[in-house]
Amino acid sequence: MEEQQQGCSPSDCAGCAHADSCGSKPEDMKEPANPFSHINKVIAVVSGKGGVGKSMVTASFARMMREQGLAVGILDADITGPSIPKMYGLHESAKGSEGGIFPCEAKDGTRIMSVNLLLEHESDPVIWRGPVIAGVVKQFWTDVMWGELDYLFVDMPPGTGDVPLTVFQSLPVDGVVIVTSPQDLVQMIVEKAYNMAEKMNIPVLGIVENYSYLECPDCGKKISVFGESHIDEIAARLNIPVLGKMPIDPKLAGVVEEEKAYELDNPYLRDAVNKL
Ligand SMILES: Nc1ncnc2c1ncn2[C@@H]1O[C@H](COP(=O)(O)OP(=O)(O)OP(=O)(O)O)[C@@H](O)[C@H]1O
């Protein structure tokens, strides 16, 4: 209460020593979903830094769930670097009605919302300040008519900035998947993502290591391109499971390059999908 009387804003909660006892604590700040959304589970896919394969992991999970007949959506919370629509070959504009905005549907039925589906030209840059960007992400929850979904994945921008904070505070996130790579596994970076989820009282479901190795197509030897992995020790120390280790696989890159993420066949995460 003390902080609120002094005029602190809700976004100051993360890292505040009084967050637990203060009326503005994150649990009180959840936004209502659109009335046309009925979502069973929300999973945020996060990383300490960019380019480690968050979108690849998100799309792989979504594809496997679609194969199991589950209804799945992807909320692309990466407002300044949205990659999800292109991966799925979606270049259209989302449509709206009085009730809100309809997500676009990929060929396999995955429902997608991204800022790129709302811009006049998909190459238009988004040059907005942090609070505006955070507001758009919130609207993807409050104004998008997701319908009935078993799982909604939130593909986060890298790091622990404004948008992850907004998502954790405003959406009822059930769990977090951390994506990392061997060189990213400077344990500090993974720990930052882990500690943020902990602070926000959101369970960490596990870590996926990407770019773990490259398999020589001739002799089958596994080459540790980005150095030796330490993921097992770090996961053990943080007491979270390793959900999977993905090699650099040109087949996966090719499917995405062809904008056919709805055909992704990612064997490295097959066991992981049932742990979400
Ligand atoms: N295991 C892999 N094998 C081959 N290519 C991969 C693999 N994982 C990701 N890629 C490719 O690497 C590029 C970056 O991946 P992706 O867009 O998923 O990363 P990201 O973490 O979401 O990036 P950003 O931080 O920009 O959001 C993409 O072109 C993707 O197809």
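No experiment lies behind these values; they were computed from the predicted model shown.

So, about the overall build of the protein chain. Looking only at helices and strands, the protein chain has 8 helices and 12 strands in total. Considering only intrachain contacts with a sequence separation of at least 6, the fraction spanning at least 24 residues in the protein chain is 77%.

Further remarks concern helix α5 (residues 162–170). Within α5, 8 of the 9 residues are buried, leaving the element largely enclosed by the surrounding structure. All buried positions along α5 are accounted for by Val-163, Pro-164, Leu-165, Thr-166, Val-167, Phe-168, Gln-169 and Ser-170. In the core, the buried residues of α5 are packed alongside β1 (37–47), α4 (130–142), β7 (147–155) and α6 (187–199).

This paragraph deals with the site of the ligand. The ligand sits among 20 residues. The nearest are Gly-50, Gly-53, Lys-54, Ser-55 and Ala-253. Looking at the shell around the ligand, the elements that each hand over two or more residues are α2 (54–67) and α8 (250–257). Class assignment of the residues belonging to the shell around the ligand gives a composition of 9 nonpolar, 8 polar and 3 charged.

Attention now moves to the pairing of β7. Bridge count for β1 against β7 is 8 bridges, and the pairing is parallel. Across the sheet, His-38 pairs through a bridge with Glu-148, a residue of β7. Of the pairings in the sheet, the one linking strand β2 (residues 72–76) to β7 comprises 5 bridges and is parallel in character. Each residue of the ladder has a partner; that of Ile-74, found in β7, is Phe-153.

Residues given the UniProt feature "binding site: ATP" (unreviewed entry) here are Gly-48, Lys-49, Gly-50, Gly-51, Val-52, Gly-53, Lys-54 and Ser-55. Relative to the assigned elements, Gly-48 resides in the loop between β1 and α2. In this fold, Lys-49 is placed in the loop between β1 and α2. For Lys-49, a count of 15 C-beta atoms within 10 Å translates into the label partly exposed.

What follows is about the packing of α4 against α5. Contact pair α4 / α5: the axes reach a minimum separation of 9 Å and the direction vectors enclose 35 degrees. Where α4 crosses over α5, the two elements pack in a sense that is right-handed. On the side of α4, the interface is formed by Gly-130, Ile-133, Ala-134, Val-137, Lys-138 and Trp-141, while α5 contributes Asp-162, Val-163, Thr-166, Val-167 and Ser-170. A breakdown of the residues in the contact of α4 with α5 according to their chemical character gives 6 nonpolar, 3 polar and 2 charged.

We now examine the environment of Gly-227. Within the fold, Gly-227 resides in the loop between β11 (222–223) and α7 (231–238). Gly-227 sits in the exposed class, given 10 other C-beta atoms within 10 Å. Between the C-alpha atom of Gly-227 and that of Glu-148, which follows or precedes it by 79 residues, the distance is 43 Å. Not counting the four nearest positions on each side in its chain, Gly-227 is found in contact with Pro-182 and Gln-183.

Here the focus is the sheet that holds strand β9 (residues 204–209). Overall, mixed pairing links the 8 strands, which are arranged β5-β6-β2-β7-β1-β8-β9-β12 in an open sheet. A strand with exactly one partner marks an edge of an open sheet, and here the two such strands are β5 (104–105) and β12 (242–245).

Rules behind the numbers
Residues numbered from 1 in each chain as written. Predicted model: local features only at pLDDT ≥ 70, side-chain atom pairs only at ≥ 80, totals over all residues. Helix = DSSP H or I, 4+ residues; strand = E, 2+ residues; numbered from the N terminus. Contact = placed C-beta atoms within 7 Å. Buried ≥ 20, exposed ≤ 12 C-beta atoms within 10 Å, placed from the backbone. Near = placed C-beta within 6 Å. Nonpolar A, V, L, I, M, F, W, Y, C, P; charged D, E, K, R; others polar. Pairing = 2+ DSSP bridges. UniProt positions renumbered as here; feature names shortened; annotations may be inferred. Axes fitted to C-alpha atoms, helices over the stretch in contact; angles between N-to-C directions. Left-handed = near helix turned anticlockwise from the far one by under 90°.

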